[in-house]
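Here's the letter readout for the chains.
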Amino acid sequence: MSKFKKSSSANQDIPTAALPDIIFMLLFFFMVTTVMRETDIMVKQKLPRAQQLTKIERKSLVSYIYIGEPKNTGLYGEEPKIQTNDVFITEKDITLFVNQEKDKLSEVERDQITMSMKVDVGVKMGIISDVQQELRKSNARKLLYSSILRVDE
């Protein structure tokens, strides 16, 4: 009986020459399909002007509250509304909003949360004062008022 030798010269290596091309195609796909905007602002925003501004260091710790007249006045009326994320809320819902925002953060960062109010120039101080009082009750002590830089002419 003769012995048969199996002489296979098939290479068992996996070709990786196309791997960088595949990675760049996936990267490009996710860059194109990712949505960058987090919130659709539904209130009119004409921010007040200020002379001295300070830039926020950690934007991940900032939650925004928008106050102004709704853009769709036929549906929501002409009274100033409070918007957080993509919904309108009342003054009583601010505590719930603050607690939800704190829950998104780690234990260490919860006391460092900052609430930024973007308020339209034409809004009366009454609704702003109500929001401030509710923020105090919910223990959100760091408060920013957003504005734009005034250029003296």
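Below, the structure is looked at part by part. (Residues numbered from 1 in each chain as written. Predicted model: local features only at pLDDT ≥ 70, side-chain atom pairs only at ≥ 80, totals over all residues. Heavy atoms only, no water.)

Inspection of the entire model under this criterion finds 3 aromatic pairs. Pairing phenylalanine 29 with phenylalanine 30 gives two aromatic rings, centres 5.2 Å apart and planes at 70°, and the pair type is edge-to-face. On the numbers, 6.3 Å between centres and 20° between planes, the contact of tyrosine 64 with tyrosine 66 is stacked. Residue tyrosine 64 is classed as partly exposed on the basis of its relative accessible area, which comes to 25%. Classification of tyrosine 66 by relative accessible area gives buried; the value is 7%. (Phe/Tyr/Trp six-rings, centres within 6.5 Å; stacked < 30°, edge-to-face > 60°. Buried < 20%, exposed > 50% of the residue type's maximum accessible area, 1.4 Å probe, protein only.)

Moving on to the packing of helix α3 (residues 94–103) against helix α4 (residues 125–137). Put simply, α3 and α4 touch, their axes get as near as 9 Å, and they point 50° apart. One way to sum up the angle between α3 and α4 is to call them oblique. The interaxial crossing formed by α3 with α4 has right-handed handedness. The residues of α4 that touch α3, namely those facing Ile94, Thr95 and Val98, are Val131, Glu134 and Leu135. For the contact of α3 with α4, the class distribution of residues is 4 nonpolar, 1 polar and 1 charged. (Axes fitted to C-alpha atoms, helices over the stretch in contact; angles between N-to-C directions. Helix = DSSP H or I, 4+ residues; strand = E, 2+ residues; numbered from the N terminus. Parallel < 35°, antiparallel > 145°, perpendicular 65-115°, else oblique. Left-handed = near helix turned anticlockwise from the far one by under 90°. Contact = heavy atoms within 4.5 Å. Nonpolar A, V, L, I, M, F, W, Y, C, P; charged D, E, K, R; others polar.)

Further remarks concern a nonpolar patch on the surface. A cluster of nonpolar side chains, contributed by Ile22, Met25, Leu26, Phe29 and Phe30, occupies part of the molecular surface with about 530 Å² of accessible area. Relative to the assigned elements, phenylalanine 30 resides in helix α1 (residues 19–33). (Patch = residues over 30% accessible without salt bridge, like charges linked within 9 Å, V, L, I, M, F, W, Y side chains within 5 Å. Areas by Shrake-Rupley, 256 points an atom, 1.4 Å probe, with all protein chains shown as cover. Salt bridge = Lys/Arg side-chain N within 4 Å of Asp/Glu carboxyl O.)

What follows covers the nonpolar core. Core analysis: the biggest nonpolar cluster contains 16 residues, and Ile65, Ile67, Ile82, Met117, Val131 and Leu135 have the highest contact counts within it. When contributions to this core are tallied by element, the ones reaching two or more residues are β2 (62–68), α3, β5 (114–119) and α4. Setting aside anything within four residues of it in sequence, one finds isoleucine 65 in contact with Ile82, Gln83, Thr84, Phe97, Ser116, Met117, Lys118, Val131 and Leu135. (Core = buried A, V, L, I, M, F, W, Y, C linked by side-chain atoms within 4.5 Å.)

At asparagine 85, a position not held by glycine, the phi torsion is positive, near 55°. Positioned with a positive phi, asparagine 139 is a non-glycine residue whose angle comes to about 65°.

This part is about the pattern of salt bridges. One pass over the full model with this rule turns up 5 salt bridges. A salt bridge links glutamate 101 to lysine 104, with the nearest nitrogen and oxygen atoms 3.0 Å apart. Accessibility expressed as a relative area gives 60% for lysine 104, which makes it exposed. Residue glutamate 107 is joined to arginine 110 by a salt bridge in which the shortest nitrogen-to-oxygen separation is 3.0 Å.

Before going further, it helps to examine the environment of isoleucine 14. Among the structural elements, isoleucine 14 can be located in the segment before α1. Sequence-wise, isoleucine 14 and glutamine 52 are 38 residues apart; in three dimensions their C-alpha atoms are separated by 61 Å.

What follows deals with the side chain of serine 138. With respect to the helices and strands, serine 138 occurs in the loop between α4 and β6 (142–145). Judged by relative accessible area, serine 138 falls into the buried class, the value being 7%. In contact with serine 138, not counting residues within four places along its chain, are Thr95, Val98 and Lys102.

Here we take up the environment of valine 121. Within the secondary structure, valine 121 sits in the loop between β5 and α4. Each C-alpha atom, one on valine 121 and one on serine 147, is 9.7 Å from the other, the two residues being 26 residues apart in sequence. Setting aside its immediate chain neighbours within four residues, valine 121 contacts Lys46, Leu47 and Pro48.

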